[in-house]
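Here's the letter readout for the chains.
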Amino acid sequence: MKRLQVWMPLLFSVVLIAGMFIGSALRQNVPSSRGIFNSGKRSVLQEVMDLVNLKYVDKVNTDTLTEDAIQAMLAHLDPHSVFIPASNVEEINEDLQGNFEGIGVEFFIIDDTVHVTNVLSDGPSDKAGLQVGDKFLKVGDSTVTGKSITGDKIKNFLRGAGGSKVQVTILRNGKQVSTAITRGTIPLYSVDASYLIDSTTGYIHLNKFAGTTYEEFMKAMETLEAKGMKKLIFDLRGNGGGILTEATDIVDEFLDDERLIVYTQGNRSEKMEYHCKRPGLFEKGKLVLLVDESSASASEVVAGALQDWDRATIIGRRTFGKGLVQEQYDLTDGSALRLTVARYYTPLGRNIQKPYNKGREAYNEELAQRYMNGELVNGDTVTQHTGPAFKTRKGRTVYGGGGITPDVFIPFDTATFSSNVYVLFDNQLFSKFIYIYYQQNKAYFDQFKSPADFARRYNDTRTAWNSLVAYAGKSSVNVQNVPDRDKVEVEKRIKTWLARQIWRMEGYYEVSNSDDTAITRAMEEMKK
């Protein structure tokens, strides 16, 4: 989606949580705390907890006290050292691993009914015959309709060990259908989209750096090269990071010889260098990298290396500024500690971690401050870099101490919606409408055979707008008389979100990119 204004407040508040994790590897076998600390001597903290548990006048939840104590301690460290409760560890690890065990569907709860909105191609549900538009009635012996059903409940019902079976009853075209689904490994793809913009220019968008990212990236690159790709637009906008080695493996495909990609070093961590180690798949082709203020961590490793070696033109806005490395340690109760152990440095020696010496609150508000001081609109020249300047071999000036500054600036779109339109996106009304509208008009949309065909020929967004007005009105959201500029923007989103409904993220980006300022500027760069 081009205009991020709908999510700007959300972006500022969740960007730290949305993928700022980075480590030298996904630590599945890190020693527990007992393996690290084996002196047998109790800490003062443990003594206090024991006394509270044994002597305190009222009954207390010592687990909550322990977690609060840990959080208070970590608050004195950097903003990226975090405690992960046991209940959250599995989900977080799944995202880093790049997969989980389940049945392979996306769903919405509409009118107290679970609707299947997407079915993973060749996944467990696809093999069992589930279709978009099916409605879940029962999972096993449990009824999954009614006001009590929630997204978390249905996920718990549907997920389970790979190879296990779950019996489901669905409603399809007014008839009940029962089928057994054998759960399997469901990929959480890192590559959202990869396609040719023209006969020689490829496009790849990565949403994170997880355990399968490099493998996915290589498949995408090989497919595009087989189709004639000579130039590449590599899009890391919105990519909050992930596993460092996945990022360095990808950079290795763009740089020759044994060039330094990044190095890490900490007070108690020895210097570790990551160099190119194999012939790259794309060492010579024209390369543009797209970044923005939510490109962080591993994304900045990629941007920093390619900029330092003058390998790519960086287009967008200054990146987040996270130059700290975390390792995850599993704790005895199933929780985990993600602890900052080192800083990473670009090949020229830049550490692009932004300052955090004013506390976590100021750190968390730094992106909002960029918006307020005009940097996101007017460029990075309105602010003063906190780190030293460096020179690349070709004489470009690059900076440390606060993100990667792009070579070409693209301003943030500050246009805002009226409050009624904002509500459409704030409570999933718009997403649900897109699914319902597609289902009601599926025969019409079947005429479009590809995202490119859809981008060219689908122009009937005003009809969809009128349907949206009626649908929103049922939820007491009145968008009947919003300004024309709002209608135009919403109609653009109708088109891109319909493309996502039909072709998932591949379709979304291909249609969205046809009207994207950064893509247009990248294509101009390719002609130089």
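Once a new chain begins, its residue numbering starts again from 1 and follows that chain's sequence as written. At least 70 in pLDDT is required for a residue's local features to be given in this predicted model, at least 80 for side-chain atom pairs to be given and counted, and no such filter applies to totals for whole chains, interfaces and linings, which use all residues. Heavy atoms throughout the structure, all of them, feed into the side-chain values; hydrogens and water do not.

A.B. asks: Where do I start with unusual backbone geometry in this structure?
C.D. replies: Of note, Asp 111 is a non-glycine position whose phi angle comes to about 55 degrees, a positive value. On the secondary structure map, Asp 111 appears in the loop between strand 4 (105–110) and strand 5 (113–119). The buried label goes to any residue with under 20% of its type's maximum accessible area, the exposed label to any with over 50%, and the partly exposed label to all in between, with areas taken from a 1.4 Å probe on protein chains only. Looking at Asp 111, the relative accessible area reads 71%, which means it is exposed. Phi at Ser 476 takes a positive value of approximately 65 degrees, unusual for a residue other than glycine. Position of Ser 476 relative to the elements: it lies in the loop between helix 18 (461–473) and helix 19 (484–512). For Ser 476, a relative accessible area of 70% corresponds to the exposed category. Here a strand is any run of E in DSSP of at least two residues, a helix any run of H or I of at least four, and the numbering for each starts at the N terminus.

A.B. asks: Would you mind going over the packing of aromatic side chains with me for this structure?
C.D. replies: The geometry of an aromatic ring pair comes down to the distance between the two centres and the angle between the two planes. Pairing of aromatic side chains here covers Phe, Tyr and the six-membered ring of Trp, requires ring centres within 6.5 Å, and sorts the geometry by plane angle: under 30 degrees stacked, over 60 edge-to-face, intermediate tilted. Using the criterion set out here, one finds 27 aromatic pairs in the structure. Both rings, one in Phe 234 and one in Phe 254, keep their centres 5.9 Å apart while their planes meet at 50 degrees; by these two values the pair is tilted. Taken as a pair, Phe 234 in strand 13 (residues 231–235) and Phe 254 in the loop between helix 9 (244–252) and strand 15 (260–266) lie far apart in primary sequence, 20 residues in all. The class of Phe 254 is buried, set by a relative accessible area of 1%. Here Tyr 438 and Phe 445 contribute two aromatic rings whose centre-to-centre distance is 6.1 Å and whose plane-to-plane angle is 35 degrees, an arrangement assigned as tilted. The same class applies to Tyr 438 as to Phe 445, namely buried. The criterion for a charge sitting over a ring is simple: Lys NZ or Arg CZ within 6 Å of the ring centre, and within 35 degrees of the ring normal. The ring centre of Trp 309 lies 4.6 Å from the NZ or CZ of Arg 259, which sits over that ring.

A.B. asks: Is there a simple way to explain the pairing of strand 8 (residues 165–172) in this structure?
C.D. replies: The pairing of strand 6 (residues 135–139) with strand 8 spans 4 bridges and is antiparallel. Within the sheet, the bridge partner assigned to Phe 136 lies in strand 8 and is Ile 170. When DSSP finds two or more bridges between two strands, those strands count as paired. Pairing geometry for strand 8 and strand 9 (residues 175–182), over 8 bridges, is antiparallel. In the strand pairing of strand 9, Arg 172 is matched with Lys 175. Here strand 8 hands over to strand 9 after 2 residues, with Asn 173 in that stretch at a positive phi of 55 degrees.

A.B. asks: So what exactly am I meant to see when it comes to the packing of helix 15 (residues 429–440) against helix 19 here?
C.D. replies: Two measures define how a pair of helices packs: the angle their axes make with one another and the distance between the axes. Where helix 15 contacts helix 19, the axes come no closer than 10 Å and their chain directions differ by 65 degrees. Here helix 15 runs over helix 19; the crossing is right-handed. Where helix 15 abuts helix 19, its residues Phe 430, Ser 431, Ile 434, Tyr 435, Tyr 437 and Tyr 438 lie against Val 490, Arg 493, Ile 494, Trp 497, Leu 498, Gln 501 and Ile 502. Residues that form the contact of helix 15 with helix 19 fall into these classes: 10 nonpolar, 2 polar and 1 charged. Throughout, an axis means a line fitted to C-alpha atoms (over the contacting stretch in the case of helices), and angles, computed between N-to-C directions, take values from 0 to 180 degrees. Helix crossings are classified by the rotation of the near helix relative to the far one: an anticlockwise turn of less than a right angle makes the crossing left-handed, while a clockwise turn makes it right-handed. Whether two residues are in contact is decided by their heavy atoms: any pair within 4.5 Å suffices. Any residue outside Ala, Val, Leu, Ile, Met, Phe, Trp, Tyr, Cys, Pro, Asp, Glu, Lys and Arg is labelled polar, Gly included; the first ten of those are nonpolar and the last four are charged.

A.B. asks: Explanation requested: the packing of helix 18 against helix 19 in the structure shown.
C.D. replies: Taken N-terminus to C-terminus, the directions of helix 18 and helix 19 make an angle of 100 degrees; their axes are 9 Å apart at the nearest point. By the angle between their axes, helix 18 is roughly perpendicular relative to helix 19. Residues Thr 461, Arg 462, Ala 464, Trp 465 and Leu 468 of helix 18 touch helix 19, and the partners they reach there are Lys 487, Val 490, Glu 491, Ile 494 and Lys 495. Split into classes, the residues belonging to the contact of helix 18 with helix 19 amount to 5 nonpolar, 1 polar and 4 charged. By the definition adopted for this analysis, an angle is roughly parallel if under 35 degrees, roughly antiparallel if over 145, roughly perpendicular if from 65 to 115, and oblique otherwise.

A.B. asks: Sorry, what's going on with the environment of Lys 528 here?
C.D. replies: Assignment of secondary structure puts Lys 528 in the segment after helix 20 (517–526). Its relative accessible area of 64% is what places Lys 528 among the exposed residues. Between the C-alpha atoms of Lys 528 and Glu 216, which are 312 residues apart in sequence, the distance is 30 Å. Those residues in contact with Lys 528, other than ones at most four positions away along the chain, are Lys 286 and Arg 521.

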